[in-house]
Amino acid sequence: MALSDFDLVFFGGSGDLAMRKLLPAMYSRDVCNDLPDSARIICVGRDEATQEEFLKMVETNSKQHIKDTPEEASWQRFLKRIVYVALNATDVATYGPLAEALRKDESLTRVYYLATPPHLFATICDNLAATNLVTPASRVVLEKPLGRDLASAKQINLDVGKVFAESQIYRIDHYLGKETVQNLLALRFGNILFEPLWRREWISDVQITIAEKIGVGNRLGYYDTSGALRDMLQNHLLQLLCIVAMEPPTSIAPDAVRDAKLQVLRSLKRFTPTTLSQNIVRGQYRGGYVDGQAVPGYRDEPGAPKQSKTETFVSVKAEIDTWRWAGVPFYLRTGKRMADRLAEIVVRFKPIPHSIFNQPTSSFQPNSLVIRLQPDEGLSMNLMAKTPGDSMRLKQAELELDFREQFKSPRMEAYERLLVDVLRGQLTLFMRGDELEAAWEWVEPILEHWEQDDSTPVPYTSGTWGPAASSALIGRDGLQWREEV
Ligand code: BG6
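Residues numbered from 1 in each chain as written. Predicted model: local features only at pLDDT ≥ 70, side-chain atom pairs only at ≥ 80, totals over all residues. Heavy atoms only, no water.

The condition that has to hold: UniProt positions are given in the numbering used here, feature names are shortened, and annotations may be inferred rather than shown by experiment.
In the annotation of an unreviewed UniProt entry, the entry for the chain reads Glucose-6-phosphate 1-dehydrogenase, and the organism field reads Massilia yuzhufengensis. Its UniProt record gives the chain the following Pathway (unreviewed entry) comment, quoted word for word: "Carbohydrate degradation; pentose phosphate pathway; D-ribulose 5-phosphate from D-glucose 6-phosphate (oxidative stage): step 1/3." Under the heading Sequence similarities (unreviewed entry), UniProt records this for the chain: "Belongs to the glucose-6-phosphate dehydrogenase family."

**Some remarks on the site of the ligand**
Selection rule: Note on terminology: near, applied to a residue and a molecule or strand, indicates that one of the residue's heavy atoms is within 4 Å of it. Polar contact is the term for a pair of N or O atoms within 3.5 Å; when the atoms are in protein, one must be able to donate a hydrogen and the other to accept it, and sequence-neighboring residues count only if both atoms are side-chain atoms. Here the accessible surface of atoms and residues is derived via Shrake-Rupley with a 1.4 Å probe, and residues count as covered only by protein chains that are part of the display. A run of H or I in DSSP counts as a helix once it spans at least four residues, and a run of E counts as a strand once it spans at least two, with each numbered from the N terminus. Under the grouping applied here, Gly and all other residues not named as nonpolar or charged are polar, the nonpolar ones being Ala, Val, Leu, Ile, Met, Phe, Trp, Tyr, Cys and Pro and the charged ones Asp, Glu, Lys and Arg.
Not every one of the 13 residues close to the ligand is listed here, only the nearest: Y175, K178, E212, D231 and H236. A distance of 2.4 Å separates an oxygen atom of the ligand from a polar atom in the side chain of E212. D231 places a side-chain nitrogen or oxygen 2.6 Å from an oxygen atom of the ligand. Calculation on the ligand without its partners gives an accessible area of 400 Å², and the protein chains cover 82% of this total. Top contributing element to the shell around the ligand by residue count: helix α9 (residues 227-245), with three residues. Class assignment of the residues belonging to the shell around the ligand gives a composition of three nonpolar, three polar and seven charged.

**Some thoughts on the sheet that holds strand β14 (residues 368-374)**
In any sheet, the strands associate via hydrogen bonds between backbone groups, in a parallel or an antiparallel arrangement. Inclusion rule: At least two DSSP bridges between two strands are needed for those strands to be called paired. Convention adopted: a line fitted to C-alpha atoms gives each axis, helices being fitted over their contacting stretch, and angles between N-to-C directions are expressed from 0 to 180 degrees. Note on contacts: a residue pair qualifies if any of its non-hydrogen atoms lie within 4.5 Å across the two residues.
Taken in spatial order, the nine strands make up an open sheet running β16-β15-β14-β13-β7-β12-β11-β8-β17, and their pairing is mixed. At either margin of the open sheet sits one strand with a lone partner, and together these are β16 (394-402) and β17 (458-461). Strand-to-strand, the axes of this sheet are offset by a mean angle of 20 degrees, without reference to chain direction. Alignment of strand β8 (residues 280-286) against strand β11 (residues 313-318), held across four bridges, turns out to be antiparallel. Of the residues in β11, the one forming a bridge with V281 is S315. Against the sheet, helix α7 (residues 179-189) makes contact with β13 (342-349), β14 and β15 (378-386), and its axis sits at roughly 150 degrees relative to β14, the strand it touches most. Sitting on the sheet, α9 is in contact with β7 (203-211), β11, β12 (330-335), β13 and β14, with an inclination near 145 degrees to β12.

**Some details on the domain arrangement of the chain**
Definition in use: Delimitation of the domains relies on an automatic or database domain assignment.
What the domain assignment lists for the chain is domain 1 (6-143) and domain 2 (176-409 + 432-484). Using only C-alpha atoms to locate each centre, domain 1 and domain 2 end up separated by 35 Å.

**Section: the UniProt feature "active site" (unreviewed entry) in the chain**
Cross-referencing UniProt, the feature "active site" (unreviewed entry) maps to H236 in the present numbering. Structurally, H236 can be placed in helix α9. Setting aside chain neighbours within four positions, we find H236 in contact with K144, D173, H174, Y175, I210 and D231. Polar contacts involving the side chain of H236 include one to the side chain of D173, which spans 2.7 Å.

**Section: the side chain of S380**
Cut-off, in case you're wondering: Burial status follows relative accessibility: with a 1.4 Å probe on protein chains alone, a residue under 20% of its type maximum counts as buried, one over 50% as exposed, and anything between as partly exposed.
Structurally, S380 can be placed in strand β15. We classify S380 as buried; its relative accessible area is 4%. When near neighbours in sequence (up to four residues on either side) are disregarded, S380 contacts S368, L369, V370, R372, E398, L399 and E400.

**Digging into the packing of α7 against α9**
Helices that pack against each other are described as a pair by the angle of their axes relative to one another and the distance between those axes. Under the convention used in this document: For classification purposes, angles smaller than 35 degrees are called roughly parallel, those larger than 145 roughly antiparallel, those between 65 and 115 roughly perpendicular, and all remaining angles oblique. By the definition used in this description, the sense in which the near helix is turned from the far one sets the handedness, with an anticlockwise turn below a right angle giving left-handed and a clockwise turn giving right-handed.
The geometry of α7 relative to α9 is characterised by a closest axis approach of 9 Å and an angle of 15 degrees between their N-to-C directions. Taken together, the axes of α7 and α9 are roughly parallel relative to one another. Two packed elements cross with a definite hand, and for α7 against α9 that hand is right-handed. Counted together, V181, L184, L185 and R188 of α7 and L240, I243, V244 and A245 of α9 form the full contact between these two elements. Looking at side-chain class alone, the contact of α7 with α9 contains seven nonpolar, no polar and one charged residues.

**Observations concerning the sheet that holds strand β2 (residues 40-45)**
Strand order across the open sheet formed by six strands is β3-β2-β1-β4-β5-β6, with parallel pairing between neighbours. Strand pairing shows two members of the sheet lacking a second neighbour, β3 (82-86) and β6 (169-171), which therefore form its edges. Averaged over all pairs of adjacent strands, the angle between their axes in this sheet comes to 20 degrees, without regard to strand direction. The strands touched by helix α1 (residues 16-31) within the sheet are β1 (6-11), β2, β3 and β4 (109-114), with β1 carrying the most contacts at an inclination of about 165 degrees. Contacts from helix α2 (residues 51-61) reach β2 and β3, with the element oriented near 115 degrees to β3.

**Observations regarding the packing of aromatic side chains**
Counted only if it meets this: Pairing of aromatic rings covers Phe, Tyr and Trp, the last through its six-membered ring, and needs centres within 6.5 Å; plane angles under 30 degrees mean stacked, over 60 mean edge-to-face, and all others mean tilted.
Overall, the coordinates contain 16 aromatic pairs when judged by the stated rule. Seen from their ring centres, Y27 and F78 are 5.5 Å apart, and the 85 degrees between their planes marks the pair as edge-to-face. You can see Y27 sitting in helix α1 and its partner F78 sitting in helix α3 (residues 72-81), a full 51 residues away along the chain. There is no split in this pair, since Y27 and F78 are both buried. Note on F194 and W198: the rings are 6.3 Å apart at their centroids and 80 degrees apart in plane angle, and the pair reads as edge-to-face. Look at F194 and you get buried, because its relative accessible area is 11%. By relative accessible area, which is 1% here, W198 ends up buried. Members of the aromatic cluster, connected to one another through ring pairs, are F11, Y95 and Y112.

Have a look at this one:
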């Protein structure tokens, strides 16, 4: 659906995210003829560069990230929308060229996307306000990391909130832009089948995994001060958990969904120092082989501190203290340099109570529903079925729904979907300020404990499913991670 006219400003406009994700996402919309002719993309960066020099940079650094090689005519049309503005984000006196680049119409949608380190958020917002660049039709998009603990997250909310109303603030978690995450909403609330079973009486446990094959790459500077807990668990994994566990919202309206998610976050059982060491495993990759290629250990990555305690893997057994979920473990796991790249949610149902067949109850695999986000998108449901032949033998069989096969229509990348939502003023897939704080509140005791604790993350070999301690964490409950069965 075509968008109405806008000025979209990318702070950090010459940075990695803009080049790899944001500009390609906007190109994809442009090529679908969704952008009005006059819509503009203003890239703001620190470095002095002429318009021509900047467009060359886009040509070299961004074009390669577009899925299908662009046709020259549509690429040239896209480049015409881009305006480069050099300014020093911390110096209000340099904001003049930005003011000139923006159209004066106060009713025009104006989006400031802050793809910058979070310590710049407050200053940029203040400077935009001081130069009268915040109109009632303005929106601000905040890119992660949204703080590094509860206090800093609160501070961001406070600082940005002085300039923008909550309804103008879009906190990005790109996992919410993934097609299958939204499909999970469709599955749960568009079908009668699952909701009656979606509770402690019928579900035995839930596993949520985001595994990556890549290592820390060239992001060591950021990553070494962050780690897997802050980088992945506090945001992406908890957001997936919220969508799996939330009560049915009354509608898909932003606050209905965000209220339901907030309730989950607030119901997460808090860890104490004792429960924490029993229920959380942190790991760090050592050298090994991924796809047959030798890869270095985390501490041997270029620039890594030799004694780094930064975790590249974390697994947690979480619990939600509500009537619906009391006693159901939610195992969350993420890591870099793992055996495979995958993101999936596994909902395991309880075993059958009694076997009427000549097979013991223990030979019946409990039903499970696997929701795959990556690399392919789909659903599979494991059922018991009769094997062909003259005897009544039951075996596990799979019902499979492959979203690509089922729906041939072109897919939108997460950032593309989220950018479109920002431009349309649709807040449902963005985190509200109180949600962000509630997620940090739950994570905070873990961070504090690790800071005070002398122990280091347990090592795991690159190309595996993480430390043995993580298998033991789930093994204590008589279970296994799906990939280790
Ligand atoms: C980002 C993290 O938010 O998500 C990265 O900062 C991680 O460390 C990435 O690699 C994973 O996203 P995706 O969409 O590739 O699974």
